[in-house]
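Here is what each chain is made of, one letter per residue.
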Amino acid sequence: MPELLRLALEHLESLPPSIWLRRSATLYLLVNAAHIGAIGLLIGSIVPLDLRLLGLMKPGPLASLAPVLARTAAVGLGLAIVTGAMLFSVRPLEYLANPAFGAKMGLLAAGALNALLVHRSKVWQTVLDQGRATGGMRARAGASLLLWLGCLVAGRWIGFL
Amino acid sequence: MKLSIRMAVAGLVLSGLASVAPATLAHHGWSWAESEQMTLQGTVQQVQIAPPHPWLDVRAEDGVWRVELGNPTQTKDAGFVEGSAKPGDAIVAVGNRDREAGTKRMKAVQIKVGGKTYDIYPSRIQKP
């Protein structure tokens, strides 16, 4: 591990939020619960959105469902990142050495990048304007489904290594 | 009818992804550990007291063992806190080892270190 990174992580461990989380089991469990809740929000909205885009789920007009589900997923992701960073700060060096944590971060980055690219794309505009998903949109919805569910599994795997 | 087949396929894919089960269920419960208890003697190499799962690394004759303690509250209630053990201390840990023979991992019910005895899981300590 590069010396600078190690120093940065040791500094992170000495910051107040990290110290509070280590001292208080109650605070830790509340942040942990918030992290799970945020993941629930993300998965609970991105899975129906992707299935709807793939045509595996029919009900509801896509043009009105898509923005609501996408925004809910984004809020869930934001909360998951904030709470996840707090949990990470409790044992940064240990998490960094955990292969499942590395996989989770990779899948998270790929999932977020995919979402960002979709958000800026023409195919997403077609969804919003015409309520239909083109082939390109479906391919990205399929990728999104696999990336986020993979991220979920990798995340849970951290505790089993 | 077409719809229900599509839903079934989607359900199958999702359940397949969800069922990727880890080989060992470390930390939680006792099902991953042997029911018979063992005694480990060695020196403390590293102590981790922070949540979610406090543990110790113990250097023994046959290598380094990961000794898992209770959850943070159980561990604290047992009296084991930051500074209770430090690298280099002699330690005796009684507990249940991983069922997988090659894995040097155990869940401690009682540890003796620094002249003190900590009952992590009092009800599980087997009387001799």
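Rules behind the numbers
- Residues numbered from 1 in each chain as written.
- Chains lettered and ligands numbered in written order.
- Predicted model: local features only at pLDDT ≥ 70, side-chain atom pairs only at ≥ 80, totals over all residues.
- Helix = DSSP H or I, 4+ residues; strand = E, 2+ residues; numbered from the N terminus.
- Buried ≥ 20, exposed ≤ 12 C-beta atoms within 10 Å, placed from the backbone.
- Contact = placed C-beta atoms within 7 Å.
- Pairing = 2+ DSSP bridges.
- Core = buried A, V, L, I, M, F, W, Y, C linked by C-beta atoms within 7 Å.

A. The arrangement of the overall build of chain B in detail. Per the secondary structure count, chain B includes two helices and six strands. Taking all 128 residues of chain B together, 29% fall into the buried category. Across chain B, every contact between residues at least 6 apart in sequence was considered, and the portion connecting residues at least 24 apart equals 53%.

B. Structural context of the pairing of strand β6 (residues 116–119) of chain B. Here four bridges tie strand β5 (residues 105–113) of chain B to β6(B), and the two strands are oriented antiparallel to one another. For B:Gln110, the partnering residue across the bridge sits in β6(B) and is B:Asp119.

C. Up close: the nonpolar core. Counting residues in hydrophobic clusters, the biggest one holds 28 residues, and the most contacted among them are A:Leu42 and A:Trp148. Elements with a contribution of two residues or more to this core: α3 (25–54), α4 (62–90), α6 (99–119), α7 (122–130) and α8 (135–157) of chain A. Excluding anything up to four places from it in sequence, A:Leu42 contacts A:Ala73, A:Gly76, A:Leu77, A:Ala80 and A:Trp148. Formed by 22 residues, the second largest nonpolar core is a distinct cluster that contains B:Leu69, B:Ala93, B:Val94 and B:Tyr118.

D. Examining the pairing of strand β1 (residues 33–48) of chain B more closely. All names here are of chain B. Here β1 pairs with strand β4 (residues 90–98) via eight bridges, running antiparallel. Looking at the pairing, Gln-37 lines up with Asn-96 of β4. Across five bridges, the pairing between β1 and strand β2 (residues 55–60) is antiparallel. Paired with Gln-46 across the bridge in β2 is Asp-57.

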